[in-house]
Amino acid sequence: RTIVNGIGFDESHGRIDVSVHPFTMSLGSADVRITSRFSEEEWYQGLMGTIHEGGHAMYEQNLQDSDLSVDSALSMGVH
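Quantities reported herein were computed from a predicted structural model and do not represent experimental measurements.

> Give me a nonpolar patch on the surface: which residues, what numbers.
A contiguous nonpolar patch, built from F23, M25 and L27 and spanning about 280 Å² of accessible area, is present on the exposed surface. Tracing the chain through its elements places L27 in the loop between β2 (23-26) and β3 (32-36).

Structure below.
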């Protein structure tokens, strides 16, 4: 949480939770949620998963509210 907030994730416009598999979900730029998984034996997977999903979330949080196509999110399939 500290690291992903430190690189720019705005937790006042989203949340961070634990799940079996890391993912990002956006309900709009004011509500972007990320999850990650954690293991004491493989702590680096949780760290890298959280940073990776945090990157997706920051992209979504910084989209502007306009009718321009440049302000629309690309598919998460473009990954």
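> Summarise the sheet that holds β2; cite the residues concerned and give the values.
One open sheet accounts for three strands, arranged β1-β3-β2; its pairing is mixed. The sheet is open, and its two edges are formed by β1 (14-18) and β2, each paired on a single side. In this sheet, neighbouring strand axes are inclined to one another by 15° on average, regardless of whether the strands run parallel or antiparallel. Pairing between β2 and β3: four bridges, direction antiparallel. Note on β3: the bridge partner recorded for S26 is V32.

> Tell me what's going on with the pairing of β3, and back it up with residues and numbers.
By the criterion of burial, β3 is predominantly enclosed, with four of the five residues buried. Here five bridges tie β1 to β3, and the two strands are oriented parallel to one another. Its bridge partner lying in β3, G14 is registered against V32. Hairpin connection, β2 to β3: the antiparallel pair is bridged by five residues, and G28 has positive phi, about 130°.

> Could you give an account of the nonpolar core, with specific residues and numbers?
Grouped together as the largest cluster of nonpolar side chains are seven residues: V4, F9, I16, V32, I34, A57 and M58. Elements with a contribution of two residues or more to this core: β3 and α2 (43-61).

Rules used throughout
- Residue numbers restart at each chain and count upward from 1, following the sequence in its written direction.
- Two thresholds apply to this predicted model, a pLDDT of at least 70 for residue-level local features and 80 or more for giving and counting side-chain atom pairs, whereas whole-chain, interface and lining totals are computed over all residues.
- Note: side-chain values were computed over all heavy atoms of the structure, leaving out hydrogens and water.
- Grouping into patches uses exposed residues only, defined as over 30% relative accessible area, and leaves out salt-bridged ones; the cut-off is 9 Å for like charges and 5 Å for nonpolar side chains (Val, Leu, Ile, Met, Phe, Trp, Tyr).
- Only the protein chains shown count as cover for residues, and all accessible areas are computed by the Shrake-Rupley method using a 1.4 Å probe.
- Take a side-chain nitrogen of Lys or Arg and a carboxyl oxygen of Asp or Glu: if they are within 4 Å of each other, that pair is a salt bridge.
- Secondary structure elements are defined from DSSP: runs of H or I of at least 4 residues count as helices, runs of E of at least 2 residues count as strands, and each element is numbered from the N terminus.
- Two strands pair if DSSP finds at least two bridges between them.
- Angles here are taken between N-to-C directions and fall from 0 to 180 degrees, while the axes themselves are lines fitted to C-alpha atoms, restricted in helices to the stretch in contact.
- Relative accessible area decides the class of each residue, using a 1.4 Å probe on protein chains only: under 20% of the type maximum gives buried, over 50% gives exposed, and in between gives partly exposed.
- Put simply, buried Ala, Val, Leu, Ile, Met, Phe, Trp, Tyr and Cys residues joined by side-chain atoms within 4.5 Å make one nonpolar core.

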